[in-house]
Amino acid sequence: MREFFMTYMLVNQRDLEYLTTIAEQGSFVSAALQCNVTQPALSNQVRRIEERLGLVLFERLQNGVQITQAGQRVLDSARDVLCQMRDMADVVRACQDPLSIPVKLGFFPTLAPYAVPLLCTALRESCDGINMIFSEAYSEQLIEQILAKDIDAAMLALPVNVEGIDNVPIFLENLYLAVPKDHRLANFSSVTEEELPLGDLILLDKGHCLRDQALNLCDNDSVGSNIPTDLRATSMETVVQYVAHGFGCTLLPALAAQRYAKHEPDCRFIKIDSDRFNRTIAFAHRTGCPRSSLIPPIVDAVKQTFPDDVISFIGA
């Protein structure tokens, strides 16, 4: 904290916001618009900051700015200080009233469309007073957002072995095989690992944790070998439509399978008879997060509202 106050004596919070915005925008003009000040005023303030610090932070170029080596080190510290400031404000507000600010919760794409509606219902029925802000991003991005304190927590598939992040496991979700209605396996109630049509599996694009999990579980170079390489999908909805029109098969989680089984008559969803084909969903949050006290009641709400016929709650 000593460094925090020493830094604050040289530059205040607004100064730090100016510096980080310029770095993000790469331009004084764009940063001035973002900060709602004039470009000359912003340039003059940065020069005063540089004089105060005795350092050149930005090289002025014709088409923008370039961060100097010293500037990059100062900016790294500036981001840390701004995080500390936000943390301090959150701690004060959380102590005064834990419900005074919304809980920011993230989801990854193969969970969000199926879990968010259920969670909204859960919060309305069981957690009156807790306001939520939801966001969706790939798992790696959610982890970065947690560490950057942009969100309070995220529902993620384990493992999440990242220093500074704690996990609260919630439920186990089985994976299902989705096939076209006229597929040779369409009338099966379950299949074994050996019966999976690996060559016909359509996988999501890179970046989806479900894609990585499917490849790890199958551990076979023939996965998707019968699927054209240019058949691509960025969402589960698109993959299911490919399956419905006979382009192949796919693996999808139980909550998604339950949803599509009701609304997609051209697909069949088959249980995989294996202890390995599942994923563990947890709430991940930053260690020491002042809002973490709100996670247990949200977990309880999930356990009261989510369908226990397709998922298995942990610790229930």
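Before reading on, note that the structure itself is shown above.
Residues numbered from 1 in each chain as written. Predicted model: local features only at pLDDT ≥ 70, side-chain atom pairs only at ≥ 80, totals over all residues. Heavy atoms only, no water.

Visitor: Lay out the side chain of Glu264 with the relevant residues and their values.
Guide: Summarising the element assignment, Glu264 is placed in the loop between α10 (254-263) and β9 (267-272). One buried charged side chain, Glu264, makes no salt bridge at all; its nearest oppositely charged neighbour is Arg268, positioned 7.7 Å away. In this view, Glu264 contacts Val240, Gln241, Ala244 and Phe269; residues no more than four positions away in its chain are not counted. (Helix = DSSP H or I, 4+ residues; strand = E, 2+ residues; numbered from the N terminus. Buried < 20%, exposed > 50% of the residue type's maximum accessible area, 1.4 Å probe, protein only. Lys, Arg positive; Asp, Glu negative; His and termini not counted. Salt bridge = Lys/Arg side-chain N within 4 Å of Asp/Glu carboxyl O. Contact = heavy atoms within 4.5 Å.)

Visitor: Account for helix α3 (residues 28-35), with residues named and values stated.
Guide: Regarding α3, the residues found buried are Phe28, Ala31, Ala32 and Cys35. Along the long axis of α3, the arc covered by the buried residues comes to 105°, so they all point the same way. More than 90 degrees from the buried face of α3, the exposed residues found are Val29, Leu33 and Gln34. Turning to α3, the residues buried within the fold contact α2 (13-25), α4 (39-53), β1 (58-61) and β2 (64-67). Of the residues one or two after α3, Asn36 is the one with positive phi, at around 65°. (Arc of directions from axis to C-beta.)

Visitor: Quick one: what's the story with the pattern of salt bridges, residue by residue and with numbers?
Guide: Enumeration according to the criterion identifies eight salt bridges in this entry. Ionic pairing is found between Arg14 and Glu17, a salt bridge with its closest N-O pair at 3.2 Å. Of this pair, Arg14 and Glu17 both sit in helix α2, three residues apart, which is roughly one turn of that helix. Of the residues examined, Arg14 reaches a relative accessible area of 35% and is grouped as partly exposed. Judged by relative accessible area, which is 25%, Glu17 ranks as partly exposed. Here Arg232 and Asp205 are joined by a salt bridge, their closest N and O atoms 3.3 Å apart. Taken as a pair, Arg232 in the loop between α8 (209-218) and α9 (236-244) and Asp205 in the loop between β7 (190-191) and α8 lie far apart in primary sequence, 27 residues in all. Its relative accessible area of 12% is what places Asp205 among the buried residues.

Coordinates in, geometry out; function isn't part of it.
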